[in-house]
Amino acid sequence: MTEPLLDVRDLVVTFASGRGWGGDRGRIHAVRGVDFSVRPGEAFALVGESGSGKSTTAKCVVGLQKPTRGSITFAGAPLDPARDHGQRRAIQMIFQDPYSSLNPRMTIGAALIEILRVHRLAAGREAAERRAAELLDLVGMPRSALDQRPRAFSGGQRQRLGIARALAVEPSLLVADEPVSALDVSIQASVLLLLKQLQRELGLTMLFISHDLAVVRQLCDRVAVMADGLIVEEGTVGQVLTEPSADFTRTLLAAATDLPPLDLDLEHRQPKQRSTP
Amino acid sequence: MSISSSLSRTGVAAWYERRSRRRRSSRGADASLAIGVAIIGIMMLAALLAGVLSPADPIRQDIPNALAPPGTDGHPLGTDALGRDVLTRMLYAARTDLFVAVGAVLLPLAIGVAVGTIAGYRGGIVDRVVTGVVNVVFAFPVMVLLIALVFILGPGIPTIIVAVTLVSWVSYARLARDLVRRERSMDYVLAAKVSGLPTRRILGRHILRNIIAQPVTFAMSDAVAIILFITALGFLGLGVPPPAPDWGTMIADAQPYFTTHWWLAVFPGLAICAAGLGLSLIADGLSQKWNAQ
Ligand SMILES: Nc1ncnc2c1ncn2[C@@H]1O[C@H](COP(=O)(O)OP(=O)(O)O)[C@@H](O)[C@H]1O
Ligand SMILES: [Mg+2]
């Protein structure tokens with residue numbers, strides 16, 4: 001078995017709730033001891049209901065949240081919230097809300113060029129502009145977007161721009177926190193398709209977070225099911241979705257949306273199933 | 001608490017909310033802005049060109065021609081009790097008052113926004129210390145504090161700017177701090193962090209750009225209050241030291257002549273009103289424009 005790219009062990013995150021009195025009552029146990037690992041090149045899904053601790057786990061991985069306890073290892077090296085430059089670059093994130101995740105006052109070009117230049121990924125302004133244009137090509141956005149601000153774009157387009165930003169630093173792990181749940185169902189498929197294509201073309205490893213098993217089926221190889229801060233079930237997408245062992249997973253399956261299958265001829269494609277029994 | 005909100009102790013944020021709720025068309029905003037800029041622009045130009053517009057000496061006395069009414073040959077706005085040309089003095093006063101107002105607005109704006117932004121973003125102990133200091137300064141009655149400072153430092157233009165800065169940076173600090181606290185957990189800021197941008201850059205290029213509108217708008221209307229404050233100091237004899245002219249001192253000097261020689265107080269009074277109106281219109285136009293975005 002290959003060494004995992006990302007290894008999360010006994011991750012615990014506790015928040016002070018501000019309510020309640022002393023002891024344990026004033027704390028929210030968002031993540032209560034989570035273990036999982038993601039192999040290079042795979043798409044690993046973290047699914048669970050809202051509030052089950054998925055985003056908190058993702059934030060620990062990208063360094064936006066300090067774990068209360070536990071360890072995160074990336075490519076064999078421990079990953080602190082104060083990580084080094086290279087580690088920060090290597091792990092990028094796509095946010096859930098495409099409306100708040102782009103700076104409203106910056107043009108798309110300025111935002112991309114800023115990132116490229118801070119990381120010295122382009123020699124000079126012109127090279128940075130060229131690279132920014134290529135990034136837009138990569139996510140299927142017109143180059144004219146460079147001079148526009150986020151408000152000129154729809155939710156689906158903004159999510160593509162968010163993907164371009166994440167890819168600007170050439171990450172090896174992409175964390176996507178419910179990247180399509182804020183989008184119209186009609187647009188969800190095209191953004192998922194883009195993610196799948198990019199993952200294959202760029203050899204990305206993906207930690208994909210969702211509360212929707214239908215989406216996971218389209219996109220992922222393995223899946224861990226979270227409930228109440230814990231992983232209750234883990235396995236390949238085929239296993240978990242056809243023979244769920246946890247009651248909880250069955251409930252989730254019943255709630256999955258009926259997404260049309262993506263038009264992708266993937267060799268390792270899971271057999272198609274209806275999402276509702 | 002800057003000076004304008006000292007009158008009613010509602011918070012700066014509440015003040016801004018009220019201002020934002022007044023929604024008007026963007027044409028209205030453009031008109032406010034244009035008229036405001038025109039008024040202040042003309043006043044600044046007149047102040048800069050004082051020597052050209054009026055060749056008279058603002059402090060040269062000419063007792064035989066004292067208290068000449070407006071329209072007198074060579075004195076379109078008349079002369080004061082010492083025979084000095086009122087128009088000339090008003091032009092030079094504009095220099096002093098507008099300069100002091102700009103300084104006394106920009107300095108606290110810059111200091112307050114910088115301190116508040118860092119406190120709001122860093123949180124923790126830095127935030128608690130800043131909030132503590134801000135609250136202590138807020139606890140004093142503004143005018144008393146200002147006048148005490150002017151007494152301690154001695155009258156003069158630098159004193160006025162330093163005193164106003166010491167007192168009013170806290171309003172900007174509190175406003176910026178609250179805005180930044182709200183902003184720092186926004187996804188675009190988190191995204192900037194994940195992108196590996198240095199904190200300096202996240203604060204300066206991302207957060208500041210999104211919050212600066214409110215402090216700047218507030219500063220514009222605070223400038224009105226500062227002009228009134230300078231005027232009040234002049235009236236109390238604590239303002240710009242004589243014989244250099246400023247509008248407040250001119251009105252104070254006119255006190256014995258209010259009923260007999262109206263022009264001595266009315267013209268500087270009008271200048272103060274015009275400056276206040278111009279700055280308010282700019283503040284209003286800016287806030288409407290920024291809110292529309
Ligand atoms: N910064 C925070 N402060 C306090 N509680 C939080 C914070 N972030 C998340 N939580 C709580 O932790 C729990 C898990 O949240 P989250 O990880 O966002 O779940 P999910 O992404 O699965 O919906 C929720 O109960 C949420 O209210
Ligand atoms: Mg979430």
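1. Observations concerning the overall build of chain B
On a plain count of helices and strands, chain B comes out with 13 helices and 0 strands. Taken across its 293 residues, chain B has 54% of its residues classed as buried. For chain B, long-range pairs separated by at least 24 residues make up 76% of all intrachain contacts whose partners lie at least 6 apart in sequence. Of the roughly 13200 Å² of accessible surface on chain B, a fraction of 68% belongs to carbon and sulfur atoms. Within chain B, one finds 25 positive and 16 negative side-chain charges whose respective centroids are separated by 15 Å.

2. Considering the site of ligand 1
Residue and element names in this part refer to chain A. For ligand 1, the full set of nearby residues is Phe15, Ile28, Ala30, Glu49, Ser50, Gly51, Ser52, Gly53, Lys54, Ser55 and Thr56. The separation between an oxygen atom of ligand 1 and a polar main-chain atom of Gly51 is 2.6 Å. Take Thr56: an N or O atom from its side chain is 2.5 Å from an oxygen atom of ligand 1. At the level of secondary structure, the elements contributing two or more residues to the shell around ligand 1 comprise strand E2 (27–38) and helix H1 (54–62).

3. Considerations on the pattern of salt bridges
Counted according to the given criterion, the structure contains 20 salt bridges over all chains. Linking Glu170(A) and Arg89(A) is a salt bridge whose minimum nitrogen-to-oxygen distance equals 3.8 Å. Taken together, the residues span a long stretch of sequence, with Glu170(A) in the loop between helix H5 (155–168) and strand E7 (173–177) and Arg89(A) in helix H2 (residues 85–90) at a distance of 81 residues. The exposure class of Glu170(A) is partly exposed, given its relative accessible area of 46%. When the shortest N-O distance is used, the salt bridge between Arg89(B) and Asp80(B) registers 3.8 Å. A relative accessible area of 10% means that Asp80(B) is categorised as buried. Members of the salt-bridge network, linked through shared partners, are Arg89(A), Arg131(A), Glu134(A) and Glu170(A).

4. What about the packing of helix H6 (residues 124–139) of chain B against helix H8 (residues 157–184) of chain B?
Residues and elements named next belong to chain B. At a closest axis distance of 9 Å, the pairing of H6 and H8 adopts a crossing angle of 140°. Taken together, the axis directions place H6 and H8 in an arrangement best described as oblique. In this structure, the crossing between H6 and H8 has a hand that is left-handed. Judged by residue contacts, Asp127, Thr131, Val133, Val134, Asn135, Val137 and Phe138 of H6 engage Leu166, Val167, Trp169, Val170, Ser171, Ala173, Arg174, Arg177 and Arg181 from H8. Grouping the constituent residues of the contact of H6 with H8 by class yields 9 nonpolar, 3 polar and 4 charged.

5. Topic: the packing of aromatic side chains
Residues and elements named next belong to chain B. On inspection of all chains with the given rule, the structure shows 4 aromatic pairs over all chains. Their ring planes at 70° and their centres at 5.5 Å tell us that Tyr172 and Phe218 sit as a pair that is edge-to-face. Residue Tyr172 is found in helix H8, and its partner Phe218 is found in helix H11 (residues 213–235); the two are separated by 46 residues along the sequence. The pair Tyr172 / Phe218 is uniform in exposure class, with both members buried. In textbook terms, an aromatic cluster arises when at least three aromatic residues are bridged by ring pairs, as seen for Trp262, Trp263 and Phe267. One residue, Arg174, lies across the ring of Phe138, its end atom 4.0 Å from the ring centre.

6. Remarks on the nonpolar core
With 132 residues, the main nonpolar core has Ile163(A), Phe208(A) and Trp247(B) as its most contacted residues. Each residue touching Phe208(A), except ones within four places of it in the same chain, is listed here: Phe44(A), Ala45(A), Leu46(A), Ala176(A), Pro179(A), Leu192(A), Leu195(A), Val215(A), Leu219(A) and Cys220(A). Judged by nonpolar contacts, the second largest core, of 33 residues, contains Leu6(A), Leu46(A), Leu79(A) and Ile91(A).

7. A closer look at the side chain of Asp187(B)
Considering the arrangement of structural elements, one finds Asp187(B) in helix H9 (residues 187–194). Buried charge without a partner: Asp187(B) forms no salt bridge, and the closest opposite charge is Lys59(A), 5.8 Å away. With residues near it in sequence (within four places) discarded, Asp187(B) still touches Phe95(A), Asp97(A), Ser100(A) and Ser101(A).

8. Examining helix H9 (residues 247–255) of chain A
Residues and elements named next belong to chain A. Along H9, the residues that are buried comprise Thr249, Leu252 and Leu253. Viewed along the axis of H9, the buried residues span an arc of 100°, placing them on a single side of the element. Along H9, the residues that are exposed and aim more than 90 degrees away from the buried face are Asp247 and Ala255. Looking at the packing, one finds that the buried side of H9 touches strand E3 (43–48), helix H7 (213–219), strand E9 (222–227), strand E10 (230–236) and helix H8 (237–242).

9. Let's talk about the environment of Met220(B)
Residue and element names in this part refer to chain B. Within the secondary structure, Met220 sits in helix H11. Note on Met220: relative accessible area 24%, which makes it partly exposed. Separated by 64 residues in sequence, Met220 and Asp284 place their C-alpha atoms 8.8 Å apart.

10. As for the sheet that holds E3(A)
Residue and element names in this part refer to chain A. Ordered in space as E6-E7-E8-E3-E9-E10, the 6 strands form an open sheet in which the pairing is mixed. In the strand order of this sheet, the two ends are held by strand E6 (91–94) and E10, each with one partner. Ignoring which end each strand starts from, the neighbouring axes of this sheet average 20° apart. Bridge analysis of E7 against strand E8 (residues 205–210) gives 5 bridges, and the strand direction is parallel. Counted as the bridge partner of Leu174 is Met206 from E8. Sitting on the sheet, H1 touches E3, E6, E7, E8 and E9, and the angle it makes with E7 is about 155°.

11. A look at the interface of chain A and chain B
Tallying the contact residues gives 24 residues for chain A and 17 residues for chain B. Counting the surface lost from both chain A and chain B, the interface buries some 1900 Å², and carbon and sulfur atoms represent 55% of this. The tally of links from chain A across to chain B stands at 2 salt bridges. Ionic pairing is found between Glu114(A) and Arg201(B), a salt bridge with its closest N-O pair at 2.9 Å. The tally of links between chain A and chain B comes to 12 residue pairs in polar contact (both at pLDDT 80 or more). Secondary structure elements with two or more residues in the side of chain A that touches chain B: H1, H2, E6 and helix H3 (108–118) of chain A. Each residue belonging to the side of chain A that touches chain B can be placed in one class, and the counts come to 11 nonpolar, 6 polar and 7 charged.

12. A word on the pairing of E3(A)
Residue and element names in this part refer to chain A. Here E3 lies mainly inside the structure; 6 of its 6 residues are buried. Two strands pair when backbone bridges link them, and E3 and E8 are joined in this way by 5 bridges, in the parallel orientation. Paired with Ala43 across the bridge in E8 is Met206. Where E3 and E9 come together, 5 bridges link them in parallel fashion. Opposite Phe44, over in E9, you have Arg222 as the bridge partner.

Conventions adopted
- Residues numbered from 1 in each chain as written.
- Chains lettered and ligands numbered in written order.
- Predicted model: local features only at pLDDT ≥ 70, side-chain atom pairs only at ≥ 80, totals over all residues.
- Heavy atoms only, no water.
- Helix = DSSP H or I, 4+ residues; strand = E, 2+ residues; numbered from the N terminus.
- Buried < 20%, exposed > 50% of the residue type's maximum accessible area, 1.4 Å probe, protein only.
- Contact = heavy atoms within 4.5 Å.
- Areas by Shrake-Rupley, 256 points an atom, 1.4 Å probe, with all protein chains shown as cover.
- Lys, Arg positive; Asp, Glu negative; His and termini not counted.
- Charge placed at Lys NZ, Arg CZ, Asp CG, Glu CD.
- Near = heavy atom within 4 Å.
- Polar contact = N/O pair within 3.5 Å; in protein donor to acceptor, adjacent residues only side chain to side chain.
- Salt bridge = Lys/Arg side-chain N within 4 Å of Asp/Glu carboxyl O.
- Axes fitted to C-alpha atoms, helices over the stretch in contact; angles between N-to-C directions.
- Parallel < 35°, antiparallel > 145°, perpendicular 65-115°, else oblique.
- Left-handed = near helix turned anticlockwise from the far one by under 90°.
- Nonpolar A, V, L, I, M, F, W, Y, C, P; charged D, E, K, R; others polar.
- Phe/Tyr/Trp six-rings, centres within 6.5 Å; stacked < 30°, edge-to-face > 60°.
- Lys NZ or Arg CZ within 6 Å of the ring centre and 35° of its normal.
- Core = buried A, V, L, I, M, F, W, Y, C linked by side-chain atoms within 4.5 Å.
- Arc of directions from axis to C-beta.
- Pairing = 2+ DSSP bridges.
- Buried area = accessible area lost by both parts, 1.4 Å probe.

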